[in-house]
Amino acid sequence: MPKKFAEKLDKLSSKPLVKYGVYLTAVILFFALILLPPILGIIIKWDAMQDVLGNGELIARALNAVKNSFTIAVLVSVLDVVAGIPMAWLVTRGKSRWLNVLDTLADVPFIVPTAVLGYSILLFWSDSEKGISAFFGSSLISPGWLLVALLHFTFSYPVVVRVIVGALLDYKIEYEQASRTLGAPPLTTARTVTLGIIKPSLIAAFILAFARSISETGATMMVAGAFENGPVFIQNMKNAFSVQPPLVSQAVYEGSTVFASLILIAVSCLIFAVVRIFATRFKLPIKGAWPSLERKLSYSSATLTRNSVALLVFFAIVLIPSLFVALPAFEALSTNILPNALAGVSPWDEYWQSLILSYSLGAIVTVLNVLVGLPMAIVVARKRLGTSFSSALNVLVDIPIIVPSVALGASLRFFWKETLAFIPDVWLLVFAHLAITYPYFVRSMSAAVERIGIELEEASRTLGAKPLTVFRTIILPLTKYSMFSGAVMVFTRSVSETGATLAVTSLKTAPVVLVDWVKGKIDVSPLEIGLGCGFLILFSFIILLALRLIIKGKGRY
Amino acid sequence: MPDVRLVNVTKRFGKIVAVDNVSLHISDKEYFSILGPSGCGKTTLLRLIAGLIQPDEGEIYIGDRLVNDVPPEDRDIGFVFQTFALFPHMNAWENVTYGPRVKGFDVRKAERIGHEVLEMVKLHERLDAFPNELSGGMMQRIAVARALAAGAKLLLLDEPLGHLDAKVRNELRYEIRRMTKDLELTAIHVTHDQSEAMAISDRIAVMKKGKILQVGTPQELYMNPQSIFVAHFIGGSNFLEGFIAETKDKMAVVELRGEVKVQAVNKGVNKGERVVLAVRPETFTIKKGRGKGENSIFGVIERVAFEGTNIRYEVRLENQDLVVVVTPSLICEWFNIGENVTVSFQPENAHLFVYPEVGLREETAVE
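None of these values were measured; they are calculated from a predicted model.

The rules behind each value
Residues numbered from 1 in each chain as written. Chains lettered and ligands numbered in written order. Predicted model: local features only at pLDDT ≥ 70, side-chain atom pairs only at ≥ 80, totals over all residues. Heavy atoms only, no water. Patch = residues over 30% accessible without salt bridge, like charges linked within 9 Å, V, L, I, M, F, W, Y side chains within 5 Å. Areas by Shrake-Rupley, 256 points an atom, 1.4 Å probe, with all protein chains shown as cover. Salt bridge = Lys/Arg side-chain N within 4 Å of Asp/Glu carboxyl O. Helix = DSSP H or I, 4+ residues; strand = E, 2+ residues; numbered from the N terminus. Buried < 20%, exposed > 50% of the residue type's maximum accessible area, 1.4 Å probe, protein only. Contact = heavy atoms within 4.5 Å. Buried area = accessible area lost by both parts, 1.4 Å probe. Nonpolar A, V, L, I, M, F, W, Y, C, P; charged D, E, K, R; others polar. Pairing = 2+ DSSP bridges. Axes fitted to C-alpha atoms, helices over the stretch in contact; angles between N-to-C directions. Domains from an automatic or database assignment. Polar contact = N/O pair within 3.5 Å; in protein donor to acceptor, adjacent residues only side chain to side chain. Parallel < 35°, antiparallel > 145°, perpendicular 65-115°, else oblique. Left-handed = near helix turned anticlockwise from the far one by under 90°. Phe/Tyr/Trp six-rings, centres within 6.5 Å; stacked < 30°, edge-to-face > 60°. Lys NZ or Arg CZ within 6 Å of the ring centre and 35° of its normal.

Residues and elements named next belong to chain A. A grouping of F5, L9, L12, L17, V18 and V22 is seen on the molecular surface, where their side chains present a nonpolar patch of about 540 Å² in accessible area. For the nonpolar patch, the elements supplying multiple residues, two or more each, are α1 (2–13) and α2 (16–44). Tracing the sequence through the fold places L9 in helix α1. A residue is classified by how much of its surface remains accessible, and L9, at 35% relative accessible area, is partly exposed.

With that settled, consider the interface of chain A and chain B. Contact with chain A, which involves 26 residues of that partner, is made by 27 residues of chain B. Both faces combined, the contact of chain A with chain B buries some 2,300 Å², and carbon together with sulfur accounts for 61% of it. Taken together, the links from chain A to chain B amount to one salt bridge. Measuring nitrogen to oxygen at the nearest pair gives 2.5 Å for the salt bridge that ties R180 of chain A to E73 of chain B. In terms of residue class, the side of chain A that touches chain B is built from 12 nonpolar, eight polar and six charged.

Moving on: the sheet that holds strand β7 (residues 154–158) of chain B. All names here are of chain B. The strand order across the open sheet formed by six strands is β6-β7-β8-β3-β9-β10, and the pairing between neighbours is mixed. If you trace the sheet from one side to the other, it starts and ends with β6 (77–80) and β10 (211–216), each paired once. On average, adjacent strands in this sheet sit at an angle of 15° to one another, irrespective of strand direction. The pairing of strand β3 (residues 31–35) with strand β9 (residues 203–208) spans four bridges and is parallel. Paired with L35 across the strands is V206, a residue of β9. Packing of helix α5 (residues 136–149) onto the sheet brings it into contact with β6 and β7, and relative to β6 it is tilted by some 170°.

Moving on, we come to the domain arrangement of chain A. Residue and element names in this part refer to chain A. Taken domain by domain, chain A holds domain 1 (1–44 + 352–557) and domain 2 (55–326). Distance from the C-alpha centre of domain 1 to the C-alpha centre of domain 2: 23 Å. In total, domain 1 and domain 2 occlude about 3,400 Å² of area from one another, counting both sides; carbon and sulfur atoms represent 74% of this. By the criterion of area lost to domain 2, the three top residues of domain 1 are I402, V406 and I537, representing 18% of everything that side buries. The tally of links between domain 1 and domain 2 comes to zero salt bridges. For the interface between domain 1 and domain 2, the tally reads two residue pairs in polar contact (both at pLDDT 80 or more). Looking at the side of domain 1 that touches domain 2 element by element, the count peaks at 10 residues for helix α29 (residues 526–553).

This paragraph deals with the packing of helix α24 (residues 454–462) of chain A against helix α25 (residues 467–478) of chain A. The axes of two packed helices give the description: the angle between them and the distance between them. Residues and elements named next belong to chain A. α25 packs onto α24 with a crossing angle of 140° between their chain directions and a minimal axis gap of 10 Å. It follows from the interaxial angle that α24 and α25 lie oblique. Here α24 runs over α25; the crossing is right-handed. Contact residues: α24 offers L456, E457, S460 and R461, while α25 offers P467, V470, I474, I475 and L478. Considered class by class, the residues forming the contact of α24 with α25 number six nonpolar, one polar and two charged.

Moving on, we come to the domain arrangement of chain B. Residue and element names in this part refer to chain B. For chain B, the assigned domains read domain 1 (4–231) and domain 2 (232–363). Using only C-alpha atoms to locate each centre, domain 1 and domain 2 end up separated by 38 Å. Facing the 20 residues of domain 1 at the interface are 19 residues of domain 2. For the pair domain 1 and domain 2, the two sides together bury roughly 1,500 Å², of which 61% comes from carbon and sulfur. Together, Y222, I228 and A231 form the three largest contributors to the area buried by domain 1 at its contact with domain 2, with a combined 45%.

Moving on: the packing of aromatic side chains. Going through the model one piece at a time under the given rule, you end up with 28 aromatic pairs over all chains. Consider the rings of F314 of chain A and F315 of chain A, whose centres lie 5.1 Å apart with planes at 65°: the pair is edge-to-face. Here F314 of chain A falls in the buried class, since its relative accessible area comes to 0%. Accessibility expressed as a relative area gives 31% for F315 of chain A, which makes it partly exposed. Judged by centre distance (5.2 Å) and plane angle (85°), the ring pair of W348 of chain A and W517 of chain A falls under edge-to-face. Highlighted residues: W348 of chain A in helix α19 (residues 348–382) and W517 of chain A in helix α28 (residues 510–518), separated in sequence by 169 residues. Each residue in the set W348, Y351, W352, W517, F535 and F539 of chain A is aromatic and connected to the rest through ring pairs, giving one cluster. Here the basic side chain of R212 of chain A rests over the ring of F155 of chain A, its NZ or CZ set 5.0 Å away from the ring centre. The ring of Y355 of chain B is capped by R274 of chain B, whose NZ or CZ atom sits 3.7 Å from the centre of that ring.

The following block contains the structure:
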């Protein structure tokens, strides 16, 4: 029966009506579920802007916050790419077996819920009793722009490294060898040939880091102090409206949210477009060559220094600060907290429920992403719906990740909750997470599909395969790893998302519970917070590792 | 001056010995080819000379310099890759002037060299083109120009014509040889195409399973192959199995299947020994009917193929051996399928080998 069913599906897939039906459904679902809800909520409240446009002081404050957002985003994305290159190089070109472990460790900041990550970084850099500041007697880095920059650097780092590692693995080593035989030392080769060829991936890494920095709210709030960037400004306005009695009117709150969000979205789109257009024309400086200097910088002592700096940056700025909050977990193991936690004594009962909700949600969102995102990735990569429309879709796919998550949450709530009130909370949560994670999956998959030569598909068709069989037997096996890395990003992003979850529902996912604990809404000890974070990180790590092993186990591709 | 010397060089990949204790001397200004079937280790040998991989044992000298620990950029070589490896993000001009630039030549010198080499490969009008805008032949010329522009006196070519169609391949091989001779370069050319190697090389090394079987001029390899494999791989041969019936002076009488006796020049075989007689298809003469005389064997034409310059016959001999005979189509008589003929050969044109321990099929295998 299943075989017959598969044959039937196969036959159906060769009918143009069915094929384009699938693509069109994917596009319609994209507009209906992913693109419109996050921005429609903002656009519909357009009128609210009238109330703030006359308020010069508020506008100046909003503009200043938006400017801060872009300054931090540009600074952090550039630094991330600069720091990510030597790390990715070490991971892909080094010969030690330990590099696999290092590669996996680079994903850790992605697993930590963003709000918890913010708290962890705050503890590490600012807490004068616990973190690194304890050595100095006072707070080393107080909440403010520098701490925000450090935080953003940390949470974007895994994405940047993941993208560059992928590019270096796909890259043909022959170009490097050709350059070496022409007389270029390794550093000159890397600068003029390798980085030039993987430039599209460097740009993709930059854009992902930039978008994440522009939109992140939950963690930034924790470390911002008096500093305001776009999302913090929106959150501050929301807080000012939420207190009793409200410090600002609803119109001012909504107006400033719309104003700040629109500028962030518009300027980000503009920057992405400019980067995409000019990056193809912009060339790395290959004209100049400094043979003697670059030769000196190419050999062992310089390489050792470069690797050491890359590792130092990773451990000191990324990994240890991210995991710092979970350190008390080890101490908690020897107290009665562990048995209480395992027995589900309050507040752990709520914690375990939230953990189950988080992982179920992550799994559902991942499956939905595969179903809705795969056809879209093919449409974008193969330009199946006409060149211009497909290219436009290619740009639109990125929008949900540049909308500040607090504005996205507000917009989603408005769209789903206030307009379509019948939708149950769980589905609201699923849709919110789907919107946030969709770009990661489609980006990752469409890049992978683009890399498969069209002639492979054509060969398969000439051998008698129907479109669905081509997809099943050629595209799917060849893009397995990209699909996996896309799914990993979706899953971890969903499990760690805080801001939008808080905005759309009162359901408590694990990050929401942990934020409650961290903010002292529920009375728990630091050891319990550590253990709570530790469990979440450990379980996520185990799930990812298991997935990786299952994928690896199934043949060569 | 860049002569190249390899002394007992071995390279292993896990359990596979890709290059097995190879010693070789390539003279200055020589056009030298390394020829062998796929997987014989020839590309590995070239990459060892280039410094792209390091030997496990042995020494490699370029000129008088031991280069085992010298990185590729300091070996002063030019390398042409099978896939060309033109940098896709640079146009033809940038690709060609890359070497002079990264070596720190001043801009004028780099540009002068760029113009010279592009002139040499006759692609001056395409200097703005990116690799994906060029045909296979053009990419190959740019790849050669790029390697030449680096100013090296040693040019290494890894199957440089492998990706081109037959017509372009034939033209370019002579062009490459002419350029290297004009510029007085030492060239090491790796190929699996024996006709290419024969046509352009001063000397050829034939490799099999990581070992060098024979080194010599194309004529030496063709006229005097020292192993069954070389007789098979260079030019092609018919192999007739038999025993030595008797030896006298410098000759040996070989008894083939069906008690057919022929004579060949004795190269150290003894009476009673099992042997293989290699006879090239073009050294047979073929006549109508049953003829008599030295080394004449009666047979019937089984297949005929007209190849243009030559006609190729498959003849079933009276002892049931099948031989291939090739004759020039314009100056020889033509025969039809089923016709009775007599094939014969001169004793000095047959090569006598001891029957290989691994069997004839394994000995002549090219995979």
